[in-house]
Amino acid sequence: MDMPGAGTLLIRGAAAIVTMDEAGRVLRDADILVRDGVIEAVGEVPAEAAAQATRVLDARRRVVLPGMVNAHSHSPLAFAKGCYDLVNHRAALWMFQAFTANATADEIRCAALLNCLEMLRTGTTAVIDHFPEQGFGMAEVDAVAAAYRESGMRANIALRIFDEPYTDIYPPAGAFPAELDADLREAAVLQPRPAGELLALVEEAVRRHHDPDGMLQVSPAPSNPMRCTDALLAGCQALAERHDTIVHCHLLETKVQAEIAHRRFGRSQVRHLDAIGALTDRLSAAHVIWIDADDIPLLAERGVVPVHNPESNVRGGSGIAPVARMLRAGVRVAIGADGSPSGGNQAMQHTLRLATIIGRPQDPDVRNWVTTADALGMATRGGAAAMRLGHRIGAVAPGMAADLALYDLGSPWWTPLNDPMHQFVYSETGGSVREVFVGGRQVVEDGRVTAFDAEAVLEEAQGRFDALLRRNAHLLDLSRRLASATLR
Ligand SMILES: [Zn+2]
């Protein structure tokens, strides 16, 4: 049987390898030997080992990087890129319901593969998919799991649950016309369900699909701790420990969320999570913008992995996360593109560039600036930590899985070749990816995704989204009324 990634692959004479290994080495004119999907040697490969290669890839015109980890995305939103501009966080979340609620299995699959297509073509090989946007059952989980198995990518399906209302996005009483207020509550797409029911559903999904060390993980993922009871949060932590999963969530994305937590608990959301035993190294949390400065060292102490989402954070006017400060405090930080309507796209190069420069105007001391190595570290080792796969992915080093992206030097972004790390973050666009491997299996050849029928996905996506929007016309109308009420 032709096992994916089986055999011995020699990537020979790469112009540069940005290894992201412990020493942060960038190698020139170097080889990589991959045996049965695992990297065996990097740098100089002994001649007798090289002679055993069943395939040799000439990489003299390639820069090699570890496949990136997009540590926070929402696959159901892949259809909704470019759908709006002047919309704040509250109105956007209602719009997302119109873009994603009542999706069929075919629509879930098409959106997930479309998201994967964008990531693979731009050098990202692993993703945490905070899925979906609203209530779900096992049919939805099975549909997205099947899509990831088909995709060739490594993925964590982080199942989004909540057992309390979205108090941060329902308008405060009297803020909007009574009719709009009533219609929002009646739409009931964000209906909380009992904690016990949600935990049973997630546990069953974990049993069906979770492989802690492999290509597909499943995890409990509170939508946001402020939309959950302590019982649900503690239940997620216990489930994660039972089945060796991560816990993923949104955290302190908006100022109002931080205020609600202080009002409700008499302490910060982070301190509250710690008090109930939910602040651990299993937790990866998207955004983390409105964190109290005093709480940052606690994240480092507990091993929590914040996931930076710079573009969606500023697009919706939510804020800028104190990432430079977190890095200086020893916090491991990952990075994500977020859903495409708010993050723009899934090309992580754009996200890394913004992560590097976004905080600089706030601090004139260059010693405090986020560097290109910091940003790429978030997209590799940081993302690996978020998925609890630090022993398998995130670096080009012996013993690591061969999750690799090869970029073509014969492209304007790499010409002439200067500092590969700076050039990757500041100049490359995702447009020069030629070959991508996941666990040694080639999933992109000559810039084209070969793991699945990408042409068919591109062809069917428009029709699928049109059908979904027709089905959700009432929700779209509601979100537009809310967006215009919010503008006032
Ligand atoms: Zn998100």
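Residues numbered from 1 in each chain as written. Predicted model: local features only at pLDDT ≥ 70, side-chain atom pairs only at ≥ 80, totals over all residues.

Enquirer: Break down the overall build of the chain for me, with residues and values.
Expert: Each helix and strand in the chain was counted, giving 18 helices and 17 strands. Taken over C-alpha atoms, the radius of gyration comes to 22 Å for the chain, in line with the 23 Å a tight globule of 488 residues would show. A principal-axis box enclosing the C-alpha atoms of the chain has dimensions of 75 × 50 × 45 Å. Among the 488 residues that make up the chain, the fraction classed as buried is 53%. (Helix = DSSP H or I, 4+ residues; strand = E, 2+ residues; numbered from the N terminus. Rg over C-alpha atoms; globule rule 2.2 N^0.38 Å. Buried ≥ 20, exposed ≤ 12 C-beta atoms within 10 Å, placed from the backbone.)

Enquirer: How would you explain helix α17 (residues 454-471) if you had to name every residue and give the values?
Expert: Compared with the 26 Å implied by 1.5 Å per residue over 18 residues, the 26 Å span of α17 between its first and last C-alpha is a close match. Of all the bends found along α17, the most pronounced is centred on E460 and spans about 35 degrees. Along α17, the positions that sit buried rather than exposed are V457, R464, F465 and L468. Taken together, the buried residues of α17 touch α3 (105-121). (Expected span 1.5 Å × (residues − 1). Bend = angle between axes of the 7 residues up to and from the residue. Contact = placed C-beta atoms within 7 Å.)

Enquirer: Give a description of the domain arrangement of the chain that names residues and reports values.
Expert: Along its sequence, the chain is organised into domain 1 (8-65 + 400-448) and domain 2 (68-386). The distance between the C-alpha centroids of domain 1 and domain 2 comes to 30 Å. The interface of domain 1 with domain 2 comprises 20 residues on the first partner and 22 residues on the second. For the side of domain 1 that touches domain 2, the elements supplying multiple residues, two or more each, are α16 (420-426), β15 (433-438) and β16 (441-445). The greatest single-element share of the side of domain 1 that touches domain 2, amounting to five residues, is contributed by α16. Its residues assigned to classes, the side of domain 1 that touches domain 2 comprises twelve nonpolar, five polar and three charged. (Domains from an automatic or database assignment. Nonpolar A, V, L, I, M, F, W, Y, C, P; charged D, E, K, R; others polar.)

Enquirer: Which residues make up unusual backbone geometry, and what are the values?
Expert: Here the residue pair F131 and P132 is connected by a cis peptide bond, since its omega of -25 degrees sits within 30 degrees of zero. Its location among the elements puts P132 in the loop between β7 (124-131) and α4 (138-151). Omega for the peptide link from T415 to P416 comes to -10 degrees, which places this bond in the cis form. Within the element layout of this structure, P416 appears in the loop between β14 (404-408) and α16. Phi at L252 is positive, roughly 50 degrees, even though this residue is not glycine.

Enquirer: Summarise the packing of helix α14 (residues 348-357) against helix α15 (residues 372-386); cite the residues concerned and give the values.
Expert: When two helices pack together, their arrangement is given by the angle between the helix axes and the distance between those axes. At a closest axis distance of 9 Å, the pairing of α14 and α15 adopts a crossing angle of 135 degrees. Here α14 is positioned oblique relative to α15, judged by the angle of their axes. Note that α14 runs across α15; the crossing there is right-handed. Touching M348, L352, A355 and T356 of α14 are T372, A375, L376, M378 and A379, all from α15. Of the residues belonging to the contact of α14 with α15, the class tally is seven nonpolar, two polar and no charged. (Axes fitted to C-alpha atoms, helices over the stretch in contact; angles between N-to-C directions. Parallel < 35°, antiparallel > 145°, perpendicular 65-115°, else oblique. Left-handed = near helix turned anticlockwise from the far one by under 90°.)

Enquirer: Please provide a residue-by-residue account of the sheet that holds strand β8 (residues 154-161), values included.
Expert: Taken together, the four strands give an open sheet; going across it, the order is β6-β7-β8-β9, and neighbouring strands pair in parallel fashion. In this open sheet, the two strands that pair with only one neighbour each are β6 (68-73) and β9 (216-222). Each strand axis lies, on average, 15 degrees off the axis of its neighbour in the sheet, ignoring direction. The pairing of β7 with β8 spans six bridges and is classified as parallel. Counted as the bridge partner of A126 is R154 from β8. (Pairing = 2+ DSSP bridges.)

Enquirer: A description of the pairing of strand β12 (residues 305-308) should follow, citing residues and the corresponding values.
Expert: On β12, burial covers both faces: V305 and V307 on one face and P306 and H308 on the other are all buried. One ladder, built from three bridges, connects strand β11 (residues 283-287) with β12; its direction is parallel. Counterpart to S284 in the pairing with β12 is V305. Regarding the hand of the β-α-β motif, the stretch spanning β11, helix α10 (residues 296-302) and β12 is right-handed. As defined by bridge partners, β12 adjoins strand β13 (residues 334-335) across two bridges and the pair is classed as parallel. (Right-handed = clockwise from strand over helix to strand, strands pointing away.)

Enquirer: Pulling in residues and values, what's your account of the environment of R61?
Expert: Among the structural elements, R61 can be located in the loop between β4 (55-58) and β5 (62-66). Sequence spacing of R61 and L406 is 345 residues, and the spatial spacing of their C-alpha atoms is 9.4 Å. Discounting residues that sit within four places of it in the chain, R61 has contacts with A15, D408, L409 and G410.

Enquirer: Give a detailed account of the packing of α3 against α4, specifying residues and quantitative values.
Expert: At a minimum axis distance of 9 Å, the contact between α3 and α4 shows a crossing angle of 35 degrees. Handedness of the α3/α4 crossing: right-handed. Where α3 approaches α4, its residues A105, I108, R109, A112, L113 and C116 are matched on the opposing element by A139, E140, A143, V144, A146, A147, Y148, E150 and S151. The residue inventory of the contact of α3 with α4, partitioned by class, reads eleven nonpolar, one polar and three charged.

Enquirer: Break down the sheet that holds β12 for me, citing the residues and quoting the values.
Expert: Within the open sheet, the four strands sit side by side as β10-β11-β12-β13. Their pairing is parallel. Since the sheet does not close on itself, it has two edges, and those belong to β10 (247-251) and β13, each with one partner.

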